[in-house]
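Close look at the chain arrangement
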Amino acid sequence: MSENASATELASHYTAQVTSDLDRNTKEQERIGAEIASLEEQLTALRHDHSVLVSIREAIAAAPAPARADRPSAAAPVPSPRRKAAASGSGKRAQPKKSASRVTRKAEKPAAPKRAAAAGPAADSASSAQPTLVDLVRRHLTEQKEPRSAAEITTALGQAHPERSVKATVVRTTLEGLVAKAQAHRSKQGTSVFCTVADAPQAAGGAKAEGKEKAATA
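Residues numbered from 1 in each chain as written. Predicted model: local features only at pLDDT ≥ 70, side-chain atom pairs only at ≥ 80, totals over all residues. Heavy atoms only, no water.

Details of helix H5 (residues 133–144)
Applied cut-off: Strands here are runs of E lasting at least two residues and helices are runs of H or I lasting at least four, both read from the DSSP assignment and numbered beginning at the N terminus. Working rule for helices: expected span equals 1.5 Å times residues minus one. With a 1.4 Å probe rolled over the protein chains alone, any residue whose accessible area is under 20% of its type maximum counts as buried; one over 50% counts as exposed, and the rest are partly exposed. It is the directions from the helix axis to the C-beta atoms that the arc portrays. Throughout, a contact is declared for two residues whenever any of their heavy atoms are within 4.5 Å.
Over its twelve residues, H5 extends 16 Å from the first C-alpha to the last, a length consistent with the 16 Å expected when each residue adds 1.5 Å. Residues Leu133, Leu136, Val137, His140 and Leu141 constitute the buried set of H5. Each buried residue of H5 sits inside an arc of 130° when the element is viewed along its axis, so together they form one side. Buried positions along H5 lie against strand E1 (148–149), helix H6 (150–160), helix H7 (168–180), strand E2 (184–189) and strand E3 (192–197).

Here we look at the pairing of E2
Put simply, the rule reads: By this definition, two strands are paired if DSSP reports at least two bridges between them.
Judged from the six bridges that link them, E2 and E3 form a sheet pairing that is antiparallel. Bridging across to E3, Arg186 finds its partner in Cys195. Counting the residues between successive antiparallel strands, the hairpin from E2 to E3 contains two residues, one of them, Gly190, with a positive phi of roughly 75°.

A word on the packing of H5 against H6
Think of two packed helices as two axes; the pair is described by the angle between the axes and how far apart they sit. Put simply, the rule reads: Each axis is a line fitted through C-alpha atoms, taken for helices only over the stretch in contact, and angles between the N-to-C directions span 0 to 180 degrees. Roughly parallel covers angles under 35 degrees, roughly antiparallel covers those over 145, roughly perpendicular covers 65 to 115, and oblique covers all other angles. Note on residue classes: Ala, Val, Leu, Ile, Met, Phe, Trp, Tyr, Cys and Pro are nonpolar, Asp, Glu, Lys and Arg are charged, and everything else, Gly too, is polar.
The geometry of H5 relative to H6 is characterised by a closest axis approach of 11 Å and an angle of 105° between their N-to-C directions. Taken as axis vectors, H5 and H6 run roughly perpendicular relative to one another. Only Ile153, Ala156 and Leu157 of H6 make contact with H5, whose side of the interface consists of Leu133, Leu136, Val137, His140 and Leu141. Among the residues making up the contact of H5 with H6, the classes are represented as seven nonpolar, one polar and no charged.

Description of the layout of surface pockets
Put simply, the test is: Buriedness of a pocket was judged along seven lines, with at least five required to meet protein on both sides within 12 Å; pockets are open sets of points on a 1 Å grid over the protein atoms alone, cavities are sets where a 1.4 Å probe fits but cannot get out, and lining residues have an atom within 4 Å of a point. Grid points are joined across faces, edges and corners, and a volume is the space filled by probe spheres set on the points.
Roughly 180 Å³ of internal volume is contained in the largest pocket. Those elements that provide at least two residues to the lining of the largest pocket are H6, H7 and E3. Top contributing element to the lining of the largest pocket by residue count: H7, with four residues. Here the residues of the lining of the largest pocket sort into six nonpolar, one polar and three charged.

A look at the sheet that holds E2
Taken in spatial order, the three strands line up as E1-E3-E2 in an open sheet, and their pairing is antiparallel. The sheet terminates laterally at E1 and E2, the two strands that pair on one side only. Across two bridges, the pairing between E1 and E3 is antiparallel. Paired with Ser149 across the bridge in E3 is Phe194.

Given below as structure tokens:
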């Protein structure tokens, strides 16, 4: 009995395995068949396109050469006399333009001095309207009549003339120049240096001495 049971189980096992293999084989055949059908459709389409392309190539080869369309461009020298006539006509018309340009240039030339003459007084008035830093420093010392340091003069001029950039270093250099020309006196109070305006006679004497030195060097 045991042998019959084992034989039955083995037979059922093989039967199930074979059935499974048959199902797998059938599905694989269906898949491959579908792929073959798709490839056959693609092959048919490619063959159709191939035949169409071959017929188009034959039609192009059989068509006449497009030499007739190029012949008008080869015979283009016909409008050349018109170009020469246009060139001669433009040459005749160019003369009045040159004369007109000469007239306009002659008319514009007198206007340049007028502009320069008009700009000259404006520039002179603008330059005369703004005094130099030397004049401002000398005027400030004359108005104060008291010893002033470079820092004090810089602050006063900056407040009186905010449109100008007054720097202490420039004011100090200006004061040294006035002292060298005897137009200002310099005095020390501790570590600070103060300047006052020089008297008119002393300034005149300093100017004469400077003139003599320049004459001697000349």
